[in-house]
Amino acid sequence: MANKMNVQGIEVQYKRINEHDYISLTDIARYRNSAFPSEIIQNWMRNRSTVEFLGLWERLYNSNFNYLEFEVIDKEAGRNAFVLTPKRWIESVNAIGITTKQGRYAETFAHKDIAFKFASWISVEFELYIIKEFQRLKEEEQKTLEWTAKRELAKVNYRIHTDAIKENLIIPKLTQKQISFVYANEADMLNVALFGKTAGEWKAENSDKKGNMRDYASIEQLLVLANLESYNAILIEQKQSQTERIVLLNKTARKQLETLLTARVGQKRLLVLQNKQ
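Residue positions are given per chain, counted from 1 along the sequence in the order it is written. Residues qualify for local features only when their pLDDT is at least 70, as the model is predicted, and side-chain atom pairs are given and counted only at 80 or more; totals for whole chains, interfaces and linings, by contrast, use all residues. Hydrogen atoms and water are omitted, and side-chain values are computed over all heavy atoms in the structure.

A. View of the layout of surface pockets. Both cavities and pockets are sets of points on a 1 Å grid over the protein atoms alone; in a cavity a 1.4 Å probe fits but cannot get out, in a pocket the set is open with protein on both sides within 12 Å along at least five of seven lines, and lining residues sit with an atom within 4 Å of a point. Grid points are joined across faces, edges and corners, and a volume is the space filled by probe spheres set on the points. Of the pockets and cavities examined, the largest pocket occupies roughly 260 Å³. Looking at the lining of the largest pocket, the elements that each hand over two or more residues are α2 (37-45), α5 (86-93), β4 (98-101) and β5 (107-111). With 4 residues, α2 is the largest single contributor of residues to the lining of the largest pocket. Under the convention adopted here, Pro, Cys and the residues Ala, Val, Leu, Ile, Met, Phe, Trp and Tyr are nonpolar, Asp, Glu, Lys and Arg are charged, and Gly plus all remaining residues are polar. When the residues that make up the lining of the largest pocket are grouped by side-chain class, the tally is 6 nonpolar, 7 polar and 4 charged. The helix and strand labels rest on DSSP assignments: H or I over at least four residues marks a helix, E over at least two residues marks a strand, and numbering proceeds from the N terminus.

This is the structure we're talking about:
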């Protein structure tokens, strides 16, 4: 299913195909000719520079690229009678950078590298706007994915932790309010061990924010929190007092955070070195 972005009044679809982003060439072409977008695509594809670009892209990313058929097309490119459609291109060279659907709702999509190249041929201004809008939407998607990952990570060892509390700390005949207090008290102990403050203290300091402190935690902090829940369950079963447990949990939290943050710094340095090469 395709997503949509609005670029200078043109609705442009994009979607994931084999883990890569593809953008509608048909929609981009409507910026030039809304009635006959397929003709705009064909006019672009018949250019020799376009054929060279498409061929180079397929060489780089397509292990099944048909070099022999490409040579035939490459020799024809640029001649007055030369015609190249998405369908012919795909069938001739086993192309993967472009996909097309025929019929009443014909639509041609291309890998974002190719789509941006087409957009630059359509209009340099349109190219800039579509790149900026696409980047903005992908950043929004990434934020959503990170938020979801954080929420799921926070749940990893939650059941282990609550079961340990239920079996070892919940005294028979406690009221529901008292039971809720025990769970909240243990959760706040983990907050103090990891964040250095209770949920109530954080809320008082951040009254303008929605949610709780765990919603604003980093991936590293949530990973450590999941580990602390598991470790606290073990300590509870060992009949350790809360005073003893919070000291051990804080020590573990500080050590694990240091390890994870050091690893992140190392990864960033490695990426910087790779980009310089």
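From this point on, the discussion continues.
B. Quick peek at helix α3 (residues 48-61). Any helix carries an expected span of 1.5 Å times its number of residues minus one. Look at α3: 20 Å from first C-alpha to last across 14 residues, which is about the 20 Å you get at 1.5 Å a residue. All buried positions along α3 are accounted for by Thr 50, Val 51, Leu 54, Gly 55, Trp 57 and Glu 58. End-on view of α3: buried residues confined to an arc of 160°, all on one side of the axis. Looking at α3, the residues exposed on the side facing more than 90 degrees away from the buried face are Ser 49 and Leu 60. The criterion used for residue contact is that any of the two residues' heavy atoms lie within 4.5 Å. For α3, the elements touching its buried residues are α2, α4 (67-76), α5, β4, β5 and α6 (112-122). Relative accessible area decides the class of each residue, using a 1.4 Å probe on protein chains only: under 20% of the type maximum gives buried, over 50% gives exposed, and in between gives partly exposed. Summarising the geometry, the arc corresponds to the directions from the helix axis toward the C-beta atoms.

C. Up close: the nonpolar core. With 37 residues, the main nonpolar core has Met 5, Val 12, Ile 23, Ile 28, Trp 89, Phe 118 and Ile 130 as its most contacted residues. Sort the elements by how many residues they give to this core and α6 lands first, with 6 residues. Filtering out sequence-adjacent residues up to four positions away, Met 5 remains in contact with Ile 10, Glu 11, Val 12, Tyr 14, Ile 23, Ile 130, Glu 133, Phe 134 and Leu 137. Only buried residues count toward a nonpolar core. Its members are Ala, Val, Leu, Ile, Met, Phe, Trp, Tyr and Cys residues joined through side-chain atoms within 4.5 Å. In terms of nonpolar packing, the next biggest core, distinct from the first, is built from 16 residues, Leu 190, Met 213, Ala 217 and Leu 249 among them.

D. View of the pairing of β5. Judged by how many residues are buried, β5 sits mostly within the fold: 5 of 5 residues are covered. Pairs of strands are assigned from DSSP output, requiring at least two bridges between the strands. Of the pairings in the sheet, the one linking strand β3 (residues 20-24) to β5 comprises 3 bridges and is antiparallel in character. Note on β5: the bridge partner recorded for Ser 24 is Phe 109. Bridge count between β4 and β5: 4 bridges; the pairing is antiparallel. Each residue of the ladder has a partner; that of Ile 98, found in β5, is Ala 110. The antiparallel hairpin formed by β4 and β5 contains 5 residues in its connecting segment, where Gly 103 sits at a positive phi of about 105°.

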